[in-house]
Amino acid sequence: MEVKNSSSCYKLVRLALAALGSAPKRSRPGLKKRERAQRILQRLEETYPETPIPLDHTDPFTLLIAVLLSAQCTDKKVNEVTPALFTAGPTPAAMAALDEETILNHIRQLGLAKTKARNVKKLAQILVTAYDGEVPASFEELEALPGVGHKTASVVMAQAFGVPAFPVDTHIHRLAQRWGLSSGDSVQRTERDLKQLFPEEAWNKLHLQIIFYGREYCTARGCDGTVCPLCTELYPNRRKPVIWRKP
Ligand code: SF4
């Protein structure tokens, strides 16, 4: 009787087990993109089961203003100035009644303060005249307001109205590249790629979880990809610094 070598025997065993639906998986050099996405979702949910909204607010209007003020500025700084600003102008009507100089005095320590003060005043006036003092719950109407871009509109839609959105900030743009989920060509591309990879019902929480992870672990500087828990799990063999493209 012919004696098979060990490799042939292994193939036969694999074929037999495959027929039974229990073939051992071949080892792979790294995780595929969808597997990485799945792992990220799972680990971030374990790490950040709660996702408190970082910008202090009490309603859609104060959230909208806080997000507008956070452009090129930390949430912590915004949270320092908004209590006094929102006391002076708690509603669109009250904010619209303030003069620009008063708004500016409240937010002077933020970057781009003059432009932001002008936009806050104009935006509040538009909400009063065109929307009966309410914040509109649509991307199109939000993006038409002064100082409100797609990212700001997405944050408000997600966090104030619970509509699925994936606002991409610098942390998300960076981590999507470092985790091999997007090429980093543009923020728009990153948003599209992430929306395709993750289930819609996860977007609103996940975008905050990625931001939390980015703030805690992943700085803007280059890294050797071996220091943080998720990267080491996703890329156990990574040794070289990960180059990433800024938005
Ligand atoms: S190892 Fe840490 S710092 Fe480096 S890319 Fe990963 S998360 Fe960022």
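Residues numbered from 1 in each chain as written. Predicted model: local features only at pLDDT ≥ 70, side-chain atom pairs only at ≥ 80, totals over all residues.

## Remarks on the packing of helix 3 (residues 60–69) against helix 7 (residues 113–131)
Between two packed helices, both the angle of their axes relative to each other and the distance between the axes serve to describe the pair.
So, point 1. Packing of helix 3 against helix 7 brings their axes to within 10 Å, and their N-to-C directions diverge by 160°. Our classification of the angle between helix 3 and helix 7 gives roughly antiparallel. Here helix 3 runs over helix 7; the crossing is right-handed. Every residue of helix 7 that contacts helix 3 at Ile 65, Leu 68 and Leu 69 is listed here: Lys 116, Asn 119 and Val 120.
So, point 2. In terms of residue class, the contact of helix 3 with helix 7 is made up of four nonpolar, one polar and one charged. (Axes fitted to C-alpha atoms, helices over the stretch in contact; angles between N-to-C directions. Helix = DSSP H or I, 4+ residues; strand = E, 2+ residues; numbered from the N terminus. Parallel < 35°, antiparallel > 145°, perpendicular 65-115°, else oblique. Left-handed = near helix turned anticlockwise from the far one by under 90°. Contact = placed C-beta atoms within 7 Å. Nonpolar A, V, L, I, M, F, W, Y, C, P; charged D, E, K, R; others polar.)

## Some points on the confidence of the model for the chain
So, point 1. A residue-level look at the chain finds 83% of positions with pLDDT of 70 or above and a mean pLDDT of 87.
So, point 2. Taken as a whole, residues 1–28 scores under 50 in pLDDT and shows six contacts with residues more than four places along the chain or in a different chain. (pLDDT = per-residue confidence, 0-100.)

## Some points on helix 12 (residues 203–216)
So, point 1. For helix 12, spanning 14 residues, the distance from its first C-alpha to its last is 20 Å, which sits close to the expected 20 Å at 1.5 Å a residue.
So, point 2. Along helix 12, the residues that are buried comprise Trp 203, Asn 204, Leu 206, His 207, Leu 208, Gln 209, Ile 210, Ile 211 and Tyr 213.
So, point 3. Of the surrounding secondary structure, the elements contacted by the buried residues of helix 12 are helix 2 (33–47), helix 9 (150–159), helix 10 (170–178), helix 11 (187–197) and helix 13 (229–234). (Expected span 1.5 Å × (residues − 1). Buried ≥ 20, exposed ≤ 12 C-beta atoms within 10 Å, placed from the backbone.)

## Description of the nonpolar core
Across soluble globular proteins, nonpolar side chains have a tendency to be buried as a group.
So, point 1. Of all hydrophobic cores here, the largest spans 52 residues; its most connected members are Leu 64, Val 120 and Val 156.
So, point 2. By residue number, the principal contributor to this core is helix 3, which donates eight residues.
So, point 3. Looking at this core, you find at least three residues from each of domain 1 (9–52 + 167–234) and domain 2 (60–161).
So, point 4. In this structure Leu 64 touches Val 135 and Val 156, once residues within four positions along its chain are discounted. (Core = buried A, V, L, I, M, F, W, Y, C linked by C-beta atoms within 7 Å. Domains from an automatic or database assignment.)

## Things to note about helix 7
So, point 1. With 19 residues, helix 7 extends 25 Å from end C-alpha to end C-alpha; this agrees with the ideal 27 Å at 1.5 Å per step.
So, point 2. Regarding helix 7, the residues found buried are Lys 116, Ala 117, Asn 119, Val 120, Lys 121, Leu 123, Ala 124 and Leu 127.
So, point 3. Close packing links the buried residues of helix 7 with helix 3, helix 5 (92–97) and helix 6 (100–107).
So, point 4. Residue Asp 132 follows helix 7 closely and has a positive phi angle near 55°.

## Examining unusual backbone geometry
So, point 1. Here the phi dihedral of Gln 72 falls at roughly 55°; this positive angle occurs in a residue that is not glycine.
So, point 2. By C-beta crowding, Gln 72 is classed as exposed, having 9 other C-beta atoms within 10 Å.
So, point 3. Residues other than glycine seldom take positive phi values, yet Leu 112 does so here, at roughly 55°.
So, point 4. With respect to the helices, strands and loops of the structure, Leu 112 is situated in the loop between helix 6 and helix 7.

## Description of the environment of Ala 137
So, point 1. Mapped onto the secondary structure, Ala 137 falls in the loop between helix 7 and helix 8 (139–143).
So, point 2. Separated by 16 residues in the primary sequence, Ala 137 and Ala 153 have C-alpha atoms spaced 9.1 Å apart.

## Some words on the environment of Ala 71
So, point 1. Within the fold, Ala 71 resides in the loop between helix 3 and helix 4 (75–88).
So, point 2. The exposure class of Ala 71 is partly exposed, given the 18 C-beta atoms found within 10 Å.
So, point 3. With 76 residues separating them in the primary sequence, Ala 71 and Gly 147 have C-alpha atoms 9.3 Å apart.

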